[in-house]
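# Reading the structure
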Amino acid sequence: MAGKIDNLTAVLYAVEDLRLEQRPIPVPKDDEVLLEMDVVGICGSDVHYLVKGRIGDFIVKKPMVIGHEASGIISKVGSNVKHLKVGDRVAIEPGYGCRVCEYCKGGSYNLCPDMIFCATPPYDGNLTRYYTHPADFCYKLPDHVTMEEGALLEPLSVGVHACRRANVGLGSQVLILGAGPIGLVTLIVAKAMGAGKVLITDLLQNRLNVAKELGADETLVIPKDATEAELVKLIHERMSCAPDKTIDCSGAEATVRLAILATKAGGVAVMVGMGAPEVKLPLVNALAREVDIRGVFRYCNDYPVALSLVASGKVDVKRLITHHFSIENTAEAFNTTRHGIGGAIKVMIHVQPKDKNNPK
């Protein structure tokens, strides 16, 4: 790293205050690696922090480096790191636990109360040219897997975790509510896991057009004036049955309610989307019909599965990428995601200078 130090970094200072600034290049600890970041995708949570300054109890109280859907190239390795070497291309799982609590020891590290997660206050993210991360949460990419695909393992892992929580398997009849990026990755994972039929809904037809390309068996634009009973009936008619697995990827109260009401008796309703802290639910309906309601919080031990799905060709996440920007144009990239400009689904920010890794 001789010559001029360049660690251009995107830092969120406050609501609507996202800045680019130079920061020192960090030094990896013994169990860490220093990454030359390559590409970072913009997530809805990144936009939410920019617009609202908080998500639930996670509040931006001090400047925070944004970004968590990422891939990079190993630049240095700590003294204890044996499975990675300089030059390896890796996907970065952005959250890791304390490793000693009952949740971490039990394999549910996503529930660790001391979880450190990129770009979740108070912890910095990785939309920066150089970044350090625990080596055991970096996954080496096969040569045929692109850096963009590596970054997309993050949202794909959410889809894997959601489908696992729903117990999606051979012949499952799956309803997915919401065709944003998370709804779309959940769709492709459900199909890869053997779902017999998948119906996905949204308010926007252009999103459902993409869902069709990705393998949705049925799509449904939600009529704005329809009652809950009418929507349940419409869904059952489209699927020729009641879904035994429903996955809500919206978080809106209306879709959370619909997830419960539309699910087959004895089925599972999984909640992925995070909306208002409290909502009104048809709980007696769920109890009387023994509909299991399960939450999803990020992912846990799902990155290896997501990587296997991409590397084997069972899923194609590249269709989700609609826009490319350089880190110098971070503000424009966020504006594109925020307002869905040009049918934006997944916007990728290329971090290295244009003459280095050829960001577009």
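See the structure above.
The structure contained in this document is the topic of the report that follows. Residue numbers restart at each chain and count upward from 1, following the sequence in its written direction. Under the rules for a predicted model, residues below a pLDDT of 70 receive no local features and side-chain atom pairs below 80 are neither given nor counted, while totals for whole chains, interfaces and linings still include all residues. Excluded from the side-chain calculation are hydrogens and water; included are all heavy atoms of the structure.

### Re the pattern of salt bridges
- The term salt bridge refers to a pairing of a side-chain nitrogen on Lys or Arg with a carboxyl oxygen on Asp or Glu at a separation within 4 Å. If you walk through the whole model with that rule in mind, you get 18 salt bridges.
- Of the charged contacts in the structure, one is a salt bridge between R19 and D17, with a shortest N-O distance of 2.9 Å.
- Three exposure classes are used, based on accessible area relative to the maximum for each residue type with a 1.4 Å probe and protein chains only: buried under 20%, partly exposed in between, and exposed over 50%. With relative accessibility at 39%, the residue R19 sits in the partly exposed group.
- Classification of D17 as partly exposed rests on a relative accessible area of 23%.
- Among the ionic contacts, a cluster of salt bridges with common partners joins D6, R129 and E328.

### Comments concerning the sheet that holds strand β17 (residues 268-271)
- Strand order in the open sheet formed by 6 strands is β15-β14-β13-β16-β17-β18, with parallel pairing between adjacent strands. Only two strands of the sheet have a single neighbouring strand rather than two, namely β15 (218-221) and β18 (292-295). With strand direction ignored, the average angle separating the axes of adjacent strands in the sheet is 15°.
- In short, DSSP must find at least two bridges between two strands for them to pair. Counting from the N terminus, the helices are the DSSP runs of H or I reaching at least four residues and the strands are the DSSP runs of E reaching at least two. Bridge count between strand β13 (residues 173-177) and strand β16 (residues 245-248): 4 bridges; the pairing is parallel. Bridge pairing in β16 links L177 to D248.
- By definition, residues are in contact when any of their heavy atoms lie within 4.5 Å. Axis geometry follows a simple rule: fit a line to the C-alpha atoms, using only the stretch in contact for helices, then measure angles between N-to-C directions, giving values from 0 to 180 degrees. Along the sheet, helix α4 (residues 153-165) contacts β16, β17 and β18; its crossing angle with β17, the most-contacted strand, is approximately 155°.

### What to know about the side chain of E32
- Mapped onto the elements of the fold, E32 is located in strand β3 (residues 32-41).
- For the buried E32, no salt bridge exists, and the shortest N-O distance to an oppositely charged side chain is 4.7 Å, to K29.
- Among the polar contacts made by the side chain of E32, one reaches the main-chain amide nitrogen of K29 at a distance of 3.0 Å.
- Other than its neighbours up to four places away in sequence, E32 contacts V27, V77, G78, V81, T132, H133, P134 and A135. Residues scored as charged are limited to Lys and Arg (positive) and Asp and Glu (negative), so that His and the chain ends carry no count. Here a polar contact is recorded for every N or O atom pair within 3.5 Å, except that within protein the pair must consist of a potential hydrogen donor and a potential acceptor, and residues adjacent in sequence are included only if both atoms are side-chain atoms.

### With respect to the nonpolar core
- Counting residues in hydrophobic clusters, the biggest one holds 60 residues, and the most contacted among them are L153, L156, L184, I200 and I247.
- Elements that contribute at least two residues to this core include exactly α3 (147-151), α4, β13, α5 (181-192), β14 (197-202), α6 (205-213), β17 and α10 (303-311).
- Those residues in contact with L156 that lie beyond four places of it in its chain are V185, I188, V189, A306, V310, V315 and V317.
- Among the nonpolar cores identified, the runner-up in size contains 34 residues, and A10, L50, A119 and I327 belong to it. Nine residue types can take part in a nonpolar core, namely buried Ala, Val, Leu, Ile, Met, Phe, Trp, Tyr and Cys, and a core is a set of them joined through side-chain atoms within 4.5 Å.

### Observations concerning helix α11 (residues 330-339)
- Regarding α11, the residues found buried are T330, A333, F334, T336 and T337. Looking down the long axis of α11, one finds its buried residues gathered within 155° of arc, a one-sided arrangement. Opposite its buried face, α11 presents the exposed residues A331 and H339, each directed more than 90 degrees away.
- Of the surrounding secondary structure, the elements contacted by the buried residues of α11 are β1 (8-14), β2 (17-22), α1 (44-52), β19 (321-326) and β20 (346-350).
- Where α11 terminates, the next one or two residues include G340, which has phi positive at roughly 60°. By arc we mean the arc of the directions from the helix axis to the C-beta atoms, nothing more.

### Details of the environment of R294
- Position of R294 relative to the elements: it lies in strand β18.
- Setting aside residues no more than four positions away along its own chain, R294 makes contact with R165, A166, N167, V268, A269, V270 and M271.
- A polar atom in the side chain of R294 sits 3.3 Å from the side chain of D292.

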